[in-house]
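# Fold and geometry: a report
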Amino acid sequence: MLNIWGVISIVLFYVLILAVGIWAGRKGSGEESEEEVMLAGRNIGMFVGIFTMTATWVGGGYINGTAEAIYTTGLVWCQAPFGYSLSLVMGGIFFANEMRRQGYVTMLDPLQDAFGERMGGLLFVPALCGEVFWAAGILAALGATLSVIIDMDRNTSVILSACIAVFYTLFGGLYSVAYTDVIQLICILVGLWLCIPFALTNEAAGSLTEALKDPSIDWIGELKREEYGQWIDYALLLVFGGIPWQVYFQRVLSSRTALGAQILSYVAGVGCFLMAVPPVLIGAIAKVSDWNKTAYGEMYGMDPAARGESNMVLPLVMHHLTPDVVSFFGLGAVSAAVMSSADSSVLSASSMFARNVYRLIFRLKASEIEIIWVMRISIFVVGALATVMALTIPSIYGLWTMCSDLVYVILFPQLLMVVHFRHYCNTYGSLASYCMALFFRLGGGEELLQLKAFIHFPYYEPGNDELGIWEKQRFPFRTFCMLMSLGTLAAVSKLTDWLFHSGILHPKYDYFHCVVNIPEDRLKVEEPHEGEMTVMTAAMVAKYCAMEEMNGRINPAMSDSDEDSNGKTAASAKPPGAPLVGQVIERPGAVPASVQQQAKSSMSMSSPAKVIPAILRAGSITEGPSLRSGSISGPPPGSKRLFNESDDDGGSRGGGGRSGGKSYQTAL
C-alpha cells in the first residue's frame, strides 16, 4: 500500500532541490559560454567547492555500497571509504594543480592535445560509458529503495528523479549542480545520523561490541592469505581508478585558482571518509540484528542476505528498525545521495561530448552558443539513456563495474603520461596501449556480466557451474593490466619515434601525423642558424590565439583589448627598457648549442604547451608579453628570416658556429 506521508516527504524534498537548482542557475554572469555552463565561469568558491566535490563521491552507490559491504563481507573488505578518500588526495597531489594551471575545460583536453582529436574521441568511449552506467545504476538503486520504503512504483520513482535532476542541470549547468550538492550533502548527513540512534536502540538490534565474539555476526570480517592479491587489486583500483573521471576534474577546473583546486581535493578527501561513518554503522547494525523480530522477518521468515537483498540493507534498516517519520528523513538522504551523483554524471558526459567530440572532431568552427545548445541536448539524451538503462537492464551495476575497470586500465595511464611525461608518448603508443588494456581486461572475465575469463592469470581458481561457484582471479590482474598499458604506451611511443627519426620508416608511413609527417599547421621550428632570426607575424599570433581559445586557455596578455587588468594601457604598463613588440634588439654572445638542441628536442613531439617556451629558452626569441602556448609553424607563410651578418672580425655565422660578434633576436 502506498505510504502517503512518505510520498509527501519525497515530493517536498524534490521541490526543495528543484527550487535551489533554478535559483543557482540564475547566479551565473549571464554570459553564454562554455566555461560559464560547464565550469560555472571558473568561479566556484572554497565552501561550495568542498561541498560539491564531497557530494559527488558520497552518492547513492557510495552509501548503499558501504552498508552492503559491512553487512556481507565485513569492515576489512569495505574499501570504498579509504579508497576514494585517498583518490581525492592523490588527485590533488598529482593532477589538480597542473590541470587547473593549464586552463583545461574537460579531462579529455590534454589527451586530445597530445594524441589528436580522433584518438581523444576513442578515449571518450570508456569515460562516457562509465558516467552513463553509473548514473543508470544509482537511479535503479533509488527506484528499488522507494519501492521498499513507501511502496512507490519503481518506474515512476526512477523517471521522476531523473527528470528533476536533468531539468535543473539543463537550466543552470554546473552552478545548479554545485549548489544543489550543498543541500543534498546536508540532507545525507542529517538523514543518516538521525536514523542511527533509533536503529541501535531497536529491540531487534544486537550489541556491536558483543557481536565481535560471535563469528556468525562478526561485522569486522577477515582477510585470508589467498585473498591478499584481490584486496590489493581492488584497493589500487579505487585509489587510482577514481582519478580519471570528469566529475572530479569538472570540480577541479571550476576552482578559481590552482591552489584552491588542490585544497578542494584534500578537504573533500577527509569529508568523503567521514561521510562513510553512518553507512558503516548502519551496515553493522544490520549484521547484528535479529531480523525475525522485525516485520521483515515475519513477512519472509529470513534475513535480507538469505533473500538476496543484501544490496538493500540500508533502506531496510531505515524502514524496519526506525519509526516511520525518521525513515522518511533517511529516505530523503538516500534520494539526495542519488541525485547528487546522477546530475554530476549527466553534466560530465554531456560536457565531454559537446566539447571533445562534437566541437573538436566534427565542428571546429562551432560558435559558443552552438556548443552550449549541443551540450543541453546531450544532457537530455544522456539523462534519458541512463533512465532507460535503469529500467530495462538487470545487470546495469555489472556494466558500470566493467567500465570503471576500463577507466582504471585505459584512461589512468594515458592521463598520467600526458600530464607529467608528455614528451615520452605519442598517438601510436596511445592506440597500442588502449588495445592492450582492453584485451587483457576483458580476458580476465567479469562475474556480474557472466563473462568467463579466457586468460588465466596466476593463482586462477576454476569455478563449478553445477554448484554455482564462479571462477576467481586471485592475481591482481586489473593493476597488472594498468601497468601493461602504461609500459606499452611508453615503449611503443619510443619505438615509433626511433623508427621514424632514424630513417628506418619513411615519413609517409606516419599515418597519425604525430612524429615526422606533421601537417603544415603543426610543423616544428627548425634550429636557427647563427645570425638568423624568425619573426612572428601578426597572422601567426592570430593563429596561436585561435588555437588556444579553442582549447580554453586564454592568456590575458594577448587579449584584443588594449587595457590591462589595472586599467592601464599596454604601453604604459611596459617596464622601463622592455622591448616593444617586433623590436629588434641585440644581445652579446651566441646561443649555446646544447640549449638549442634542448629546445629542438622539446619541440620534436609537437607539444602545444612546450614549443614556444622551448624557443624562449633557446634564445631565438626574447620573452616580451606573455605568449600563448601552441604548436609552431616554422617557417609558416608570412614569416621571414632577417639578415645573415658577418662578424666584425670576419667570423663565420654559418651552422658550424661563430666567434665573437653580436646575435640578433626579435622581441615579441
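Please refer to the structure higher up on the page.
Residues numbered from 1 in each chain as written. Predicted model: local features only at pLDDT ≥ 70, side-chain atom pairs only at ≥ 80, totals over all residues. Heavy atoms only, no water.

### Observations concerning the pattern of salt bridges
- For the structure shown, the criterion picks out 12 salt bridges.
- Arginine 441 is the salt-bridge partner of glutamate 446, the closest N and O atoms lying 3.0 Å from each other. Side by side, glutamate 446 and arginine 441 carry an identical accessibility label, which is buried.
- Where salt bridges share partners, they join Asp233, Asp405, Arg441, Glu446 and Arg478 into one cluster. (Salt bridge = Lys/Arg side-chain N within 4 Å of Asp/Glu carboxyl O. Buried < 20%, exposed > 50% of the residue type's maximum accessible area, 1.4 Å probe, protein only.)

### Here we look at the nonpolar core
- Counting 158 residues, the largest nonpolar core has Phe115 and Phe249 as its most contacted members.
- Considering each element in turn, this core owes the most residues, 19 residues, to helix α8 (residues 154–200).
- Contact partners of phenylalanine 115, with chain neighbours within four places excluded, come to Leu123, Gln414, Val418, Cys425, Asn426, Thr427, Ser430 and Leu489. (Core = buried A, V, L, I, M, F, W, Y, C linked by side-chain atoms within 4.5 Å. Helix = DSSP H or I, 4+ residues; strand = E, 2+ residues; numbered from the N terminus. Contact = heavy atoms within 4.5 Å.)

### What to know about the side chain of threonine 52
- Tracing the backbone through its elements, the reader meets threonine 52 in helix α3 (residues 46–57).
- Within the structure, the side chain of threonine 52 is placed 2.6 Å from the side chain of aspartate 181, a separation counted as a polar contact. (Polar contact = N/O pair within 3.5 Å; in protein donor to acceptor, adjacent residues only side chain to side chain.)

### Some points on the packing of aromatic side chains
- What the rule picks out here adds up to 22 aromatic pairs.
- Aromatic side chains tyrosine 62 and tyrosine 84 sit 6.4 Å apart centroid to centroid with 45 degrees between the ring planes, which places their arrangement in the tilted category. Taken as a pair, tyrosine 62 in helix α4 (residues 60–72) and tyrosine 84 in helix α5 (residues 80–102) lie far apart in primary sequence, 22 residues in all.
- The buried category is assigned to tyrosine 62, whose relative accessible area is 3%.
- Lying across the ring of tyrosine 300, arginine 307 places its NZ or CZ 3.6 Å from the centre.
- Sitting over the ring of tryptophan 470, lysine 452 keeps its end group 4.6 Å from the ring centre. (Phe/Tyr/Trp six-rings, centres within 6.5 Å; stacked < 30°, edge-to-face > 60°. Lys NZ or Arg CZ within 6 Å of the ring centre and 35° of its normal.)

### Notes on unusual backbone geometry
- Of note in the backbone geometry, alanine 40 takes a positive phi value of approximately 55 degrees without being a glycine.
- Structurally, the position occupied by alanine 40 is in the loop between α2 (34–39) and α3.
- Among the residues examined, alanine 40 registers a relative accessible area of 0% and is labelled buried.
- One non-glycine residue with positive phi stands out, namely glutamine 450, at about 55 degrees.
- Inspection of the secondary structure assignment puts glutamine 450 in the loop between α18 (427–443) and β1 (460–461).
- On the basis of relative accessibility, which here comes to 58%, the residue glutamine 450 falls in the exposed class.

### Remarks on helix α10 (residues 246–254)
- Burial within α10 is extensive, with nine of its nine residues counted as buried.
- Regarding α10, the residues found buried are Gln246, Val247, Tyr248, Phe249, Gln250, Arg251, Val252, Leu253 and Ser254.

### Some remarks on the side chain of serine 161
- Looking at the element boundaries, serine 161 is found in helix α8.
- Every residue in contact with serine 161, bar those within four places of it in the chain, is listed here: Tyr14, Leu139, Leu142 and Met339.

### A look at helix α19 (residues 477–501)
- The terminal C-alpha atoms of α19 lie 36 Å apart, and with 25 residues this matches the ideal 36 Å at 1.5 Å per residue to within 8%.
- Positive phi appears at glycine 503, one or two residues downstream of α19, with a value of about 90 degrees. (Expected span 1.5 Å × (residues − 1).)

### Observations regarding the environment of tryptophan 5
- The topology assignment puts tryptophan 5 in helix α1 (residues 4–25).
- In the structure, tryptophan 5 is positioned 320 residues away from valine 325 in sequence and 8.5 Å away in space, judged by C-alpha atoms.

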